[in-house]
Amino acid sequence: MTATAPDPITLEIIRHRLAGINDEAAIMLRQVSGSQIAVEANDLNTAITTADGTVVACGDYVLCQVASLDLVTSDIIRNYATDPGIRPGDQFMTNDPYVGTLHQPDVVVVAPVFHEGTLVAWCGSTVHQPDVGGPATGGLALDAGSIFDEPLPVPPVRIVEHDRIRRDIERGYLIRSRTPRLNALDLAGQIAANRAAVAAIQQLCRRYGTETVIAAMDHLVDVAERQLRARLRELPDGRWRHVSYLEHGAPAPDNSDVYAVRLAATKRGDELVLDFSGSSPQAPGAINAAYPALVNFAVASVLVYLCADLLWVPGAVARVVKIISREGTVVHAAWPAGVAMSTATSCQAIRVSVNACLSRMLEGSAELARLAMASCQSSGAGGGVLSGVSRSGEPFGSMTLDELTGGGGATLLLDGVDSSGSTTSPGASCANVEVNESYLPVLYLRRAELADSAGPGRQRGGVGCVIALRPHGTDEPIRVVSFAQGLQHPAAVGLDGGDPGRQSMFYAGGVEVVDDLLAGGRGEPALPLPDAAARLTGDAVHLAVTQGGGGYGDPLERDPAAVLSDVEDGLVSVAGADRDYGVVLVRAGATSWTVDREATTARRRLVRSDRIGGREPAAPVAHRPGRRLTNALDLVDGPGGRHIACARCAAPLSPVDGNPYLAMAVVEGPVHEVAPLPARYPGSERFVIRRLHCPSCASRIEVQVSLRSDPVVQTVAPIA
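A brief report on the enclosed structure follows. Keep in mind the model is a prediction, meaning the values are calculated, not measured.

Scanning the chain from terminus to terminus reveals 14 helices and 29 strands. Taken over C-alpha atoms, the radius of gyration comes to 26 Å for the chain, in line with the 27 Å a tight globule of 720 residues would show. The principal-axis extent of the C-alpha atoms belonging to the chain is close to 80 × 70 × 50 Å. For the chain, the proportion of its 720 residues judged to be buried stands at 62%. Considering only contacts within the chain whose residues lie at least 6 apart along the sequence, 72% involve residues at least 24 apart. When the 62 positive and 79 negative side-chain charges of the chain are each reduced to one mean point, those points stand 3 Å apart.

Let's shift gears to the packing of helix α1 (residues 8–32) against helix α5 (residues 180–208). For the pair α1 and α5, the least separation of the axes is 7 Å and the interaxial angle reads 160°. In this view, α1 runs roughly antiparallel relative to α5, as classed from their interaxial angle. Seen along the crossing, α1 lies across α5 with a hand that is right-handed. Residues Thr10, Ile13, Ile14, Arg17, Leu18, Ile21, Ala25, Met28, Leu29 and Val32 of α1 form the contact with α5, whose own contacting residues are Leu185, Ala188, Gly189, Gln190, Ala192, Ala193, Ala196, Ala197, Ala200, Ile201, Leu204 and Tyr208. Considering only residue class, the contact of α1 with α5 consists of 18 nonpolar, 3 polar and 1 charged.

Now for the pairing of strand β13 (residues 395–399). Most of β13 is tucked away: 4 of the 5 residues are buried. Where strand β12 (residues 384–389) and β13 come together, 5 bridges link them in antiparallel fashion. Considered in β13, the bridge of Ser387 is made with Gly397. Counting the residues in the hairpin turn of β12 and β13 gives 5 residues, including Gly393, whose phi is positive at 90°.

We now examine the sheet that holds strand β11 (residues 321–324). The 5 strands are arranged β11-β10-β9-β8-β29 in an open sheet whose pairing can be described as mixed. Taken across any chain shown, the strands that pair with only one partner, and hence form the sheet edges, are β11 and β29 (716–718). Neighbour to neighbour, the strand axes of the sheet diverge by 15° on average, direction disregarded. Relative to strand β9 (residues 258–268), strand β8 (residues 238–247) runs antiparallel, the two sharing 10 bridges. Counted as the bridge partner of Glu247 is Val258 from β9.

Summed over all chains, the structure comprises 4 aromatic pairs. Ring geometry for Tyr80 against Phe92: centres 6.0 Å apart, planes inclined by 25°, an arrangement best described as stacked. Of this pair, Tyr80 sits in helix α3 (residues 70–85) while Phe92 sits in strand β3 (residues 91–94), and the two are 12 residues apart along the sequence. Comparing Tyr80 with Phe92, the two get one shared label, buried.

Turning to helix α12 (residues 560–568), a few remarks are in order. For an α-helix, the turn length of 3.6 residues means that residues three or four places apart are oriented alike. Listed as buried for α12 are Pro560, Val563, Leu564, Asp566 and Val567. Down the axis of α12, the buried side of the element spans an arc of 160°, and every buried residue falls inside it. Between the side-chain oxygen of the N-cap and the backbone nitrogen of Ala561 there are 3.0 Å, and the N-cap of α12 in question is Asp559. At the exit of α12 stands Gly570, carrying a positive phi of roughly 80°.

Moving on to the side chain of Asn183. Along the polypeptide, Asn183 turns up in helix α5. Within the structure, Asn183 has its side chain in polar contact with the backbone oxygen of Asp131 (distance 2.6 Å). Ignoring sequence-local partners within four residues, the contact set of Asn183 consists of Gln129, Pro130, Asp131, Val132, Tyr173, Leu174 and Ser177.

Another point: the sheet that holds strand β27 (residues 687–693). The antiparallel open sheet is built from 3 strands, whose spatial order is β26-β27-β28. Strand pairing shows two members of the sheet lacking a second neighbour, β26 (665–670) and β28 (700–707), which therefore form its edges. Strand-to-strand, the axes of this sheet are offset by a mean angle of 20°, without reference to chain direction. Inspection of the sheet shows β27 paired to β28 by 7 bridges, in the antiparallel sense. Looking across to β28, one finds that Leu692 is bridged to Glu702.

Reading the values: the criteria
Residues numbered from 1 in each chain as written. Predicted model: local features only at pLDDT ≥ 70, side-chain atom pairs only at ≥ 80, totals over all residues. Heavy atoms only, no water. Helix = DSSP H or I, 4+ residues; strand = E, 2+ residues; numbered from the N terminus. Rg over C-alpha atoms; globule rule 2.2 N^0.38 Å. Buried < 20%, exposed > 50% of the residue type's maximum accessible area, 1.4 Å probe, protein only. Contact = heavy atoms within 4.5 Å. Lys, Arg positive; Asp, Glu negative; His and termini not counted. Charge placed at Lys NZ, Arg CZ, Asp CG, Glu CD. Axes fitted to C-alpha atoms, helices over the stretch in contact; angles between N-to-C directions. Parallel < 35°, antiparallel > 145°, perpendicular 65-115°, else oblique. Left-handed = near helix turned anticlockwise from the far one by under 90°. Nonpolar A, V, L, I, M, F, W, Y, C, P; charged D, E, K, R; others polar. Pairing = 2+ DSSP bridges. Phe/Tyr/Trp six-rings, centres within 6.5 Å; stacked < 30°, edge-to-face > 60°. Arc of directions from axis to C-beta. Polar contact = N/O pair within 3.5 Å; in protein donor to acceptor, adjacent residues only side chain to side chain.

Here it is in structure tokens:
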């Protein structure tokens, strides 16, 4: 056995040691940093790459921050290899979204790892820092017209030289910030984390030899690539489509304020193409994603949704998955487009779209369908930045991270996890209420899980939360910048006939309106959309709702006992049990309920009949009629050739090269009817929720949220 081909035992030791080194670096970062964003919410990550920047090990905090760290390291290698050079003891900092970060507040610091004169690897750390300058505290501006209205990005610059912080560079960076002490602690934590990782990798080289460590990292990428290709070969070839919507600006009669993220995912053999080129032209403001953000979220989504039980090696994904985009679009913005709000807007739409397409792909395999997952929450209007000046005269500004109380997506067998956050940030969490109150002059009135916020399904999505807070400890107005998405329509897609998770909510104003909303009133008039002028003063209250996760499967197939349990736990209301699940509950005591079995059976029979125009639904067949295309559709060979049929009743829907969705029975309704609180916003009337059913047996096949003027999307199509 040579040093360039480590034996399996040595390979496993090095693999686990690299993972341990990376985790220890993240712990070091958190211990040094003083920001609640890092310490409490874990809005950070660390990674280790090969010498050419291929990511080998990454933390499970905010996965999308480091999934394509190679873009940062490759920029440094390309531009600085000879001038100013890359040497031992160096570290480079950047927050440039057009180079490799997600957006300006996500600051990346990377360090080369040399051993005995050889560049062995890179290690990197990233943190969402509280404020990195620009016109708006926190770096997020709803009214930005270009990147010049946002924090100006810092391209990679050497922040550490000969293992000493360059105070001139640090000073020039911190002077931009309204929170320089917190940023300095974050930066110190990142540098300390990288130092620890560099020393540990050098020790690994001394123990096993530099060539062996390099070979082990290369081999890990090769193994992960083989695993992913084998996973793809297990799945049928096909094409899957999804459309996610974003809004920016006041509603326009021609819908020009609505931007679509359009994904066509094509799988042939062991290769996968994610084509975003059909997405809308870029917006005039901050909701665009630069190309690195597109890559980060796409790669992170592939790892989460397709590689759940495989090695998580981001560098291997780039070898297998081809990402196609068009510069000048909302997912691949051209300089100098504003991009600071991308992580809560266009990037969430990218994740939802990849999630939907890959999950439908997994449904094509009876064995792998268990891995399919409906969408978790999007960041949405439940999140944002609070800023102002405290009574002591100190400026403050920070995210509360309350948006991470949204719900998780359901799977084939399990309900979504309640108030669980985002799948592409598996290690992140909302900050503790008391911690937020110690950093910000606010008092929380409520943060609790919200009934009926989850997407209904055979397996229910996870519920989101309602948050209410008011000023406390300041006489100055508090500026509230909302992420401002998911208000006009639901954003977290359901699967296999499950409903989407319910939409966000935002309000900043009088307590009487808040009380009325929480009591179930105020369906009209429409609440104002968030804007750059939103402020909290005096007794005003900030009310937000985080999105629930998408449901999985037809809600009429959910066990009535499970619905009753959800009602008892406060996750579904009695009215929601009837409306969403066809489950009729009757009083069993002063505070308890029981299922009326007979009434429930009759109610569900009526709902199924109404889906197909009052006809009697056909009976299900004993066995699926052909090869599964999704959980609800099969490919069937018949006398007239191959066609697509309902998997439940075998009713033919279209030829194999046709569009089965055109034959489905569509029940269309306004999106505001599914909002967890009775709030609607200007522009919501343009969107509809379309529930598609088999025209024969009335089983729910799919649910789509669309502009009223857009056609039904053919989300699944087999290819030869």
